[in-house]
Amino acid sequence: MKKKVFSILLVLILLFSFAGCGQQVKSSEHLEDYVFTMSYHDNFNILQLTDIHWNANTSTKSSMAYLDKVIKEANDHIVETQGPGAKIDLVELTGDMFMLVNEYHLNTFVDYFEKKAEEYGFLYAPIWGNHDRQALFNPNTLAKRFCNAPHCIYYEPDDELYGRSNYIINLTEDGSANSDVDWMLVHLDSGASFSETELTISRDYDYIRPDQTEWFIKEHTLYGEDIPVMAFYHIPQDENETAWKAVTEEGAELKNKFFRLESFGDNGNEAHASDFIDRAKEHNLKAAFMGHAHNTDWTYEEDGVVIGLGVKTGDELYFAHVDANSDDEAVQMGLASVGITENFDLIGAALVTITDREGSFDLEHLYYNERKDCDFVKWVKW
Amino acid sequence: MGEMVMENKTKKQSLIVTISVIVFFVVSAFTFMNALYCLSDIIGSTVSGSVDIAIRDILRSVPVFLSFFITLCGLMVAHTFYRNESREILKRNAKLFAKAGIGIGAVLIVYVIVMLIAGKYLSIVEGAPSPIYPLDACLYAVLYIALGILIHMYFKKHEESGLYEGPARAPISKKLGAIKYFFRFFWLMFALYGFCGFFYSFFIVDFLHGYVAYSLAAMLISLVVFLTLAVWELYYNNLSPEKRSAVTLPLALISLGVTIVAAVIYFIALKGNLDGPTNVGFGLLPVAYSASVNVATFLVMIVPMIVSVVALIKGVIRKAANEEIL
């Protein structure tokens, strides 16, 4: 009996030690492995959908009906403004696609995006949000599902980098890895949250860690330091709040637009201020887009870099009802910036159009509300 | 010969009842986890200021919550048979819980029909959280209504004789009845939570991304919460009042010791994985996520802690009283 118990314990210990000590890949030795390529063309359209937040209560049918409308509206808008043949090239899913879901939700979600990708001819690139880790399935299941989906761009090695998935999409001349890179789209996992100590009651949101920044710089240096860069991640870093304060409290004259109706939900602690934006600026960063704070899509430009949150997609979990008659200063400031005079909900999508190889792009926010008589659809240019 | 047949029949009945308790407990744990997932998201909407979304979600997920309460009724019926405290208690409580199950099942079916007519469900198999939701909840309700009717038929058929003759457990003291009932219910919820957390951890926990210690600690906590109920309910409460008095103190000491050790292990593991709860723990303990605090996972340890401390005090008092008598 004692022998049996000992054997079982030994097997368990070995099992767990193997599980925790798998062969890790060193990112700096496999820089090319993190890179996907797509064919560049002027007017390369990126539709940003963020914080879709399917959860245990979600009617996936209703949510898919809403997504159908948003994707169709975005594609119609592209055709209308850019001419026939133009289309959505890439859909960026900037995190919090889920929150407390099961495998049925995951499979339905991936099947849906595969169907739409086939229909509209786009590829889609998911990024981890803080809530995507909370489900009735192992996070590896999600990773595998994305890895195996034909139209999904996703990479998750067992490496030393912080976060589950950090990867790059290079937009190259002919779409192959052998031709010149025109744009670099960097995707970073900004983590979930953590506490300062094991006895700290509260938790702080995570941030982009120095090793992730270092990895990006190595990638950028490898492909060419002049390549313009656009970054996508989930949790805003400290720059957003600093810029907001500079604009609203110190009267800084930064170009800014859209709404900031709740805090950015960044880490907030100076000790954990990420170095990513500062260092990426020296590496031709042109823009950084994220999600996370549903009631906020505020965007600003500083030192030639546009930094902003996308528009929350869909009505799951929570979102802002913008009241045109509100006395709230932030609401009025947002309304004035977008020129909307009626009540609406702050949900929809964002469209980024890369217009040339020099680092120029257009940005538009789409506010799309389903209404009984006629849907509310408003495009607002940056 | 006749006695032997009777003994076999009793054994068979007792086995069926024990299996029923286990099956209903397991099924209750799963329906509870589904309900907790829905509840946690609703709490998330509420604390984020979107009460309208919370209400919409509650209305959509009512069948999920009712499914849990139906299963709980089933568990209570099986548990009443398992305890078999007296013929009257068995008859009264089992019928009462069966009736409650039938009632909740009927409400669930009517609710789904009303929601379908009102267009709130796009179809009877709208999907999410399961492929055939809310039809699955209705089928579940029909099954439980049938079981409830069978329980009533059983009591009608065996009104005078031949009622369940399995082992009878000594009644639980009626002192502080309402408080005790509340705590037992509360305790059961945490045990279901613990069982589910431990069970699902085998499917949820990712041991490949550096959270091994934290994952094991979270699993341990879940297991301890569940085992506390199992030991007190299935061992302690089955003893005669005299034996209960004798084992209260040692059992309380063991229970408290195990709980404290598990808590200490949890905090040590947390120290090494400060981002462990959000990366590993909250899929297992969704309400802990909703509480939005770091030590939320630890909160589930409070119940076994309270139970152990109460038992310890009781044990010390009883020991003192016995020594006085001697």
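In the block above lies the structure referred to throughout.
What you see is a predicted model, and the numbers here were worked out from it, not measured in a lab.

1. Quick notes on the overall build of chain B
Counting its regular elements, chain B contains 11 helices and zero strands. Secondary structure elements of chain B, listed N to C terminal, follow the sequence α-α-α-α-α-α-α-α-α-α-α. Taking the principal axes of the C-alpha coordinates as reference, chain B spans close to 60 × 50 × 35 Å. Residues counted as buried form 43% of the 326 residues belonging to chain B. Pairs at least 24 residues apart make up 80% of the contacts formed inside chain B by residues separated by at least 6 positions.

2. Some thoughts on the sheet that holds strand 14 (residues 299–302) of chain A
All names here are of chain A. Taken together, the eight strands give an open sheet; going across it, the order is 1-7-8-11-13-15-14-12, and neighbouring strands pair in mixed fashion. Two strands in the sheet have a free side with no partner beyond their single neighbour: strand 1 (35–39) and strand 12 (255–257). Adjacent strand axes in the sheet meet at a mean angle of 15 degrees, parallel and antiparallel pairs treated alike. Inspection of the sheet shows strand 11 (residues 229–232) paired to strand 13 (residues 285–290) by four bridges, in the parallel sense. Bridge assignment links F232 to a residue of strand 13, and that residue is F289. Along the sheet face, helix 6 (residues 238–248) touches strand 12, strand 14 and strand 15 (305–309) and points at about 85 degrees away from the line of strand 14.

3. Describing the sheet that holds strand 20 (residues 376–381) of chain A
Residues and elements named next belong to chain A. Spatially, 6-4-2-18-19-20 is the arrangement adopted by the six strands of the open sheet, whose pairing is mixed. Each having just a single partner strand, strand 6 (123–127) and strand 20 make up the two edges of the open sheet. Taken pair by pair, the neighbouring strands of this sheet meet at an average axis angle of 20 degrees, ignoring direction. Both strand 19 (residues 361–369) and strand 20 contribute to a ladder of six bridges, which runs antiparallel. When the sheet's bridge partners are listed, N369 is paired in strand 20 with F376. The strands that helix 2 (residues 60–82) touches are strand 2 (44–49), strand 18 (348–354), strand 19 and strand 20; relative to strand 19, the one it contacts most, it runs at about 140 degrees.

4. Notes on the pairing of strand 18 of chain A
Residues and elements named next belong to chain A. Among the seven residues in strand 18, seven count as buried, and that is most of the element. One ladder, built from five bridges, connects strand 2 with strand 18; its direction is antiparallel. Note on strand 18: the bridge partner recorded for N45 is T353. The pairing of strand 18 with strand 19 spans seven bridges and is classified as antiparallel. Paired with T353 across the two strands is D362, which belongs to strand 19. Count of turn residues in the strand 18/strand 19 antiparallel hairpin: six residues, of which G359 carries a positive phi of about 110 degrees.

Reading the values: rules and limits
Residues numbered from 1 in each chain as written. Chains lettered and ligands numbered in written order. Predicted model: local features only at pLDDT ≥ 70, side-chain atom pairs only at ≥ 80, totals over all residues. Helix = DSSP H or I, 4+ residues; strand = E, 2+ residues; numbered from the N terminus. Buried ≥ 20, exposed ≤ 12 C-beta atoms within 10 Å, placed from the backbone. Contact = placed C-beta atoms within 7 Å. Pairing = 2+ DSSP bridges. Axes fitted to C-alpha atoms, helices over the stretch in contact; angles between N-to-C directions.

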